[in-house]
Amino acid sequence: MTNNTDKAGMILLPQSTAPTCMGKYCLGPLYRRCFSTNPSSGSELTAEFTNLCSKGLLKQAFDRFSSQIWSEPTLFSHLLQSCISQNSVSLGKQLHSVIITSGCSSNKFISNHLLNLYSKCGQLDAAIALFGVMPGKNIMSYNILINGYFRKGDWESARKVFDEMPERNVATWSAMVAGLTQFRFNEEGLGSFSRMHELGFLPDEFTLGSVLRGCAGLRALVAGRQVHGYARKCGFDFDLVVVSSLAHMYLKCGSLGEGERLITAMPSQNVVTWNMLIAGRAQNGYPEEVLDQYNMMKMAGFRPDRITFVSVISSCSELATLGQGQQIHAEVIKAGASSTLSVISSLISMYSRCGCLEDSLKVFLECKNGDVVCWSSMIAAYGFHGRGVEAIDLFNQMEQQEKFEANDITFLSLLYTCSHCGLKDEGTEFFELMVEKYGFKPRIEHYTCMVDLLGRYGSLEEAESLIRSMPVKADVIIWKTLLFACKIHKKAEMARRIAEEVFRLDPWDPVSYVLLSNIHASDKRWDDVSDVRKEMRERKLKKEPGVSWLEMKNQIHQFCVGDKSHPKSAEIDSYLRELTSEMKKRGYVPDIDSVLHDMDVEDKENNLVHHSEKLAIAFGLLYTPAGTPIRVIKNLRVCSDCHVAIKYISEISNREIIVRDCSRFHHFKNGICSCGDY
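Now for a description of the structure that goes with this document. Please read these numbers as outputs of a predicted model, since none were measured by experiment. (Residues numbered from 1 in each chain as written. Predicted model: local features only at pLDDT ≥ 70, side-chain atom pairs only at ≥ 80, totals over all residues. Heavy atoms only, no water.)

Right, let's talk about the overall build of the chain for a bit. The helix and strand tally for the chain stands at 36 helices and eight strands. Based on the C-alpha atoms only, the size of the chain along its principal axes is roughly 110 × 50 × 50 Å. Scored against the burial criterion, the 678 residues of the chain give a buried share of 49%. Look at the contacts in the chain between residues 6 or more apart in sequence, and 61% of them connect residues 24 or more apart. Split by element, the accessible area of the chain, about 32,900 Å² in all, is 52% carbon and sulfur. Between the averaged position of the 75 positive side-chain charges in the chain and that of its 78 negative side-chain charges there is a distance of 5 Å. (Helix = DSSP H or I, 4+ residues; strand = E, 2+ residues; numbered from the N terminus. Buried < 20%, exposed > 50% of the residue type's maximum accessible area, 1.4 Å probe, protein only. Contact = heavy atoms within 4.5 Å. Areas by Shrake-Rupley, 256 points an atom, 1.4 Å probe, with all protein chains shown as cover. Lys, Arg positive; Asp, Glu negative; His and termini not counted. Charge placed at Lys NZ, Arg CZ, Asp CG, Glu CD.)

Moving on to the side chain of serine 377. Examined against the element boundaries, serine 377 turns out to sit in helix H23 (residues 372–384). Under the relative-accessibility criterion, serine 377 is labelled buried at 13%. Sequence-distant contacts of serine 377, defined by excluding residues within four places in its chain, comprise Ser345, Ile348 and Ser349.

Attention shifts here to helix H27 (residues 444–457). Between the first and last C-alpha of H27 there are 20 Å, a value that for 14 residues agrees with the 20 Å anticipated at 1.5 Å per step. Summarising burial for H27: twelve of the 14 residues are buried, a large majority. All of the buried residues along H27 are Ile444, His446, Tyr447, Thr448, Cys449, Met450, Val451, Asp452, Leu453, Leu454, Gly455 and Arg456. Its buried side turned inward, H27 meets helix H25 (408–421), helix H26 (424–436), helix H28 (460–469) and helix H29 (476–488). Following H27 by one or two positions, glycine 458 has its phi on the positive side, about 105°. (Expected span 1.5 Å × (residues − 1).)

Moving on, we get to the pattern of salt bridges. Under the criterion given, the structure shown has 29 salt bridges. Notably, a salt bridge pairs arginine 586 with glutamate 582, separated by 3.0 Å at the nearest N-O pair. Here arginine 586 falls in the partly exposed class, since its relative accessible area comes to 40%. Relative accessible area serves as the criterion here: at 27%, glutamate 582 is assigned to the partly exposed category. We note a salt bridge from lysine 647 to aspartate 677, for which the minimum N-O separation is 3.1 Å. (Salt bridge = Lys/Arg side-chain N within 4 Å of Asp/Glu carboxyl O.)

It is worth spelling out the pairing of strand S7 (residues 665–669) at this point. Counting buried positions along S7 yields four of five residues, so the element is predominantly enclosed. With four bridges connecting them, strand S6 (residues 657–660) and S7 associate as antiparallel partners. Looking at S7, one finds that isoleucine 658 is bridged to histidine 667. Remark: four residues form the turn of the hairpin made by S6 and S7, two consecutive strands paired antiparallel. Two successive antiparallel strands, S7 and strand S8 (residues 672–673), enclose a turn made up of two residues, where asparagine 670 displays a positive phi of approximately 55°. (Pairing = 2+ DSSP bridges.)

Inspection of the entire model under this criterion finds 20 aromatic pairs. Aromatic pair tryptophan 155 and phenylalanine 185: ring centres 4.2 Å apart, planes at 45°, arrangement tilted. Remark: phenylalanine 185 occurs in the loop between helix H11 (170–182) and helix H12 (186–198) and tryptophan 155 occurs in helix H10 (residues 155–164); sequence separation between them is 30 residues. The class for tryptophan 155 is partly exposed, based on a relative accessible area of 27%. (Phe/Tyr/Trp six-rings, centres within 6.5 Å; stacked < 30°, edge-to-face > 60°.)

Core analysis: the largest hydrophobic core is formed by 165 residues, its most contacted members being Phe76, Ile146, Ile328, Ile478 and Leu482. It is H29 that contributes the most residues to this core, eight residues altogether. In this structure isoleucine 146 touches Ala158, Val161, Phe162, Met165, Thr172, Ala175 and Met176, once residues within four positions along its chain are discounted. In terms of nonpolar packing, the next biggest core, distinct from the first, is built from 29 residues, Tyr588, Cys639, Ile657 and Phe668 among them. (Core = buried A, V, L, I, M, F, W, Y, C linked by side-chain atoms within 4.5 Å.)

Counted at 1.5 Å a residue, the expected span for helix H13 (residues 205–218) with its 14 residues is 20 Å, and the 20 Å between its end C-alpha atoms agrees. Among all positions of H13, only Thr207, Leu208, Gly209, Ser210, Val211, Leu212, Gly214, Cys215 and Ala216 are buried. Packing partners of the buried residues in H13 comprise H11, H12, helix H14 (221–233) and helix H15 (240–252). The residue sitting at the N-terminus of H13 and contributing the capping side-chain oxygen is aspartate 204; that oxygen lies 3.1 Å from the backbone nitrogen of phenylalanine 206. (Polar contact = N/O pair within 3.5 Å; in protein donor to acceptor, adjacent residues only side chain to side chain.)

Here it is in structure tokens:
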């Protein structure tokens, strides 16, 4: 007797069990003896057979019940389902051969189970081939193939099969809605749901969950509330899937109160609900509250998981709280989540945004099986710290490894790096590589990086031409990027033209008015400055104040320009005057032109001395151990005078001073800045 074996050596289908004629017609007497003489024993045997299949014991199930399988071919479905559970294509193919031999391949029920096996086990080509030869397809056959295409990411083919269907059921529409929202075609997903409703199909809880994810992706709060009303009308008020999806939608759309009310009203809390609360606060810009919620979660007795850690680590990145980030990193290791790729990429970003590039690199190098996200995060970290050469070298290493392929985020990081390091030619080459070799369609973010690259380099006309010719619609950010380049290169006339584009898209953004006012002030056009500020007053717009902060012993110390509120204000002021005196002896000349107010020279110098970043640095120098780096975060860009002054301070104090502004990091050491004054 010859046996068929799978790759693991498991003997599955003895050849002697193959029938000599078709199914139950050949084994009818045996079928009646086993199943018909005692109805209760028949059901018990069937239960035993399904139990063996559910446990993955296919050999025992087939050997013990082979005669019943030939008599009742629908029992093959349990064997096929077991193959899916084990993701065993080899066993499934053996069963497929036996099904053909038994003459049951024309059975729709069995054929659909085979189709489902190939679809769910990633054998889409085999599923398509089987679908093509199936003699009697039904709605289930089409639904399985649609889901198979979505699993492979081929939504266009899924849509084509959907359009070709002679008729559809609720499962068909649900598959389309879920598939489209899964691939972030949220508008199409909501449109399919609307059409489904018009045709009278009632969704189940999973369809409603998909629709609500689509609303969350679009930040469509009004549509989400409409779906909420519909779900309530359909009786899904207390369904866990629907309520969880509703809470996620409200949190994602910025309606924290509504989302949190739904979560707290749930009969029981678990890690998932805590994660939703934490992620909701993180996504809506409340990083301090994320850390509070994280501590409450632990106090309530719940263990954080990888999803929790990603949100919490990201919040430490926003706050640049290195001490808390290091503490959470230790908790990640203790929880056994240090090998989770999403956590690793979050740690790389966190250390980078806290000014610790070497720690980012250490996390990256310790990751033995990183993915494209980890590599892209490290490339971005290098770029954020002005290490353009290292970022490009890392990308070249990534390209040499066949298992990785750059994505659009990788190229976004590269373009950002090139724009901040003055690498115009390299940035242009990466943009062309992204389009021509990798086939990505540039998004507005890619074009914005290119405009920044060209603008910083001084090619302002080329940057403007790119905006006006690009195939995507320009947004206010890309025009503001060019406006900032006008400020760098003192192009006042061009700035006025670009400002018109900015105000047309967003007449209520104070940053743009301040930027234009500063450009006029640099050109000593005080009347124009007055006009811009008058318009700001009429619109009741206020300039965002400069704020700098640093972390010391897990406590945040915050400073505003001219701040006298800190307990150590007098000591800070005295020390700054000493520093300024020493700086002037070494050649420092206050850049009074960077004070964009019409005041006398002495007042301008006094204003410069008390900029928020200087206050924070002075405090750090006074109250941290000698030789330790000073890490300061600022909400706005570092002004030109502070940039020059901090170079002198780093030399005088013999300290490394790391400043993160709203654009990038500056590493000041021995009188030199990592940005190369670019």
